[in-house]
Amino acid sequence: DVDIDSRKIDQYVTRLRDGVRRHGDRDLVCFTERPVDGVDCRPLPVDLPKWWCKLGAYALGVPLIALDLDIVILGSMKPLLEWEGFGTIKNPWLKGYNSSVVNLTGNETHVWERFVPGVMSAMRGDQDWLNVAMPNAPTFPVEWFPSWKVHRLFTMDAAPPSAIACITHGSPKPHQIQAKWLQDHWIGATP
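Note that the coordinates shown come from a computational prediction; the quantities given were computed from them, not determined experimentally.

Q: Explain the overall build of the chain here, please?
A: Check the secondary structure of the chain and you find six helices and seven strands. Overall, the chain shows an N-to-C arrangement of helices and strands of α-β-β-α-β-β-α-β-β-α-α-β-α. Over its C-alpha trace the chain gives a radius of gyration of 16 Å, about what one expects of a compact globule, namely 16 Å for 191 residues. Each principal axis of the C-alpha distribution contributes one length, and for the chain these read about 45 × 35 × 30 Å. Relative to its full complement of 191 residues, the chain shows a buried share of 47%. For the chain, the share of sequence-separated contacts (at least 6 apart) that also reach a separation of at least 24 residues comes to 61%. Per element, the accessible surface of the chain, about 9700 Å² overall, is 52% carbon and sulfur.

Take a look at the structure:
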């Protein structure tokens, strides 16, 4: 769901895969209709536009951690991998959630089953629907997934010590950020 030039999508997918391998010792499955060399790519069981397609992860009914392509893995994913139950990010801008990172147990199929496509004209995206479907969802500690803009990471010389990943909702996107420390994490120069 990254709003970037389609020629950069493969770069985003492989950099996220590499970050997950470095910091989580896990393999990444990319849910997409188009193949990416060296990445396990599979289609989602739904056909919805833009970020709405992320609701397809709920339809799968399997445990998984869903990550947006425009996050940058900064540190150990161990706390996330050990998280018990459903979890998502508290929206740093507005009331509700940010769906850049979601831990699914496989028991959240009701989020998809209750979905009515007509709500897409009244809501901005999947995270707005999540607010309706799971109004009291547990959220991860804020320090795990700081926002590049809201938490002013651009004023820092290094990644926050408790951060698992940086979320770059909106713009700039990782390929546009000049901070060397973030670029090092994104391209894999920092273990």
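Q: Help me understand the nonpolar core in this model?
A: Inside soluble globular proteins, nonpolar side chains tend to come together where they are buried. Counting 34 residues, the largest nonpolar core has Val13, Leu16, Ile71, Val101, Phe145, Trp148 and Leu182 as its most contacted members. Elements with a contribution of two residues or more to this core: helix H1 (9–24), strand E4 (71–73), strand E7 (165–167) and helix H6 (180–187). The element contributing the most residues to this core is H1, with five residues. Excluding residues within four positions of it along the chain, phenylalanine 145 makes contact with Leu80, Ile89, Val101, Phe140, Ile164, Ala165 and Ile167. With 19 residues, the next largest nonpolar core counts Trp52, Ala57, Tyr97 and Phe115 among its residues.

Q: Whenever I open this one, H1 confuses me. Can you help?
A: Side chains that are three or four residues apart share a direction in an α-helix, a result of its 3.6 residues per turn. Taking 1.5 Å per residue as the helical rise, H1 with its 16 residues ought to reach 22 Å, and the 21 Å between its terminal C-alpha atoms agrees with that figure. Turning to H1, its buried residues number three or more, namely Ile9, Tyr12, Val13, Thr14, Leu16, Arg17, Gly19, Val20, His23 and Gly24. Of the surrounding secondary structure, the elements contacted by the buried residues of H1 are strand E1 (29–31), strand E3 (64–67), E4, helix H3 (78–81) and H6. Just downstream of H1 lies aspartate 25, where phi reads positive at about 50 degrees.

Q: So what exactly am I meant to see when it comes to the sheet that holds E3 here?
A: Hydrogen bonding along the main chain pairs the strands of a sheet, whether they run parallel or antiparallel. Spatially, the three strands line up as an open sheet ordered E3-E6-E5, and their pairing is antiparallel. The strands lining the two open edges of the sheet, one partner per strand, are E3 and strand E5 (87–90). The mean inter-strand angle of the sheet, taken between neighbouring strand axes irrespective of direction, is 20 degrees. The sheet contact formed by E3 and strand E6 (residues 97–104) spans four bridges and is antiparallel.

Cut-offs and rules
- Residues numbered from 1 in each chain as written.
- Predicted model: local features only at pLDDT ≥ 70, side-chain atom pairs only at ≥ 80, totals over all residues.
- Heavy atoms only, no water.
- Helix = DSSP H or I, 4+ residues; strand = E, 2+ residues; numbered from the N terminus.
- Rg over C-alpha atoms; globule rule 2.2 N^0.38 Å.
- Buried < 20%, exposed > 50% of the residue type's maximum accessible area, 1.4 Å probe, protein only.
- Contact = heavy atoms within 4.5 Å.
- Areas by Shrake-Rupley, 256 points an atom, 1.4 Å probe, with all protein chains shown as cover.
- Core = buried A, V, L, I, M, F, W, Y, C linked by side-chain atoms within 4.5 Å.
- Expected span 1.5 Å × (residues − 1).
- Pairing = 2+ DSSP bridges.
- Axes fitted to C-alpha atoms, helices over the stretch in contact; angles between N-to-C directions.

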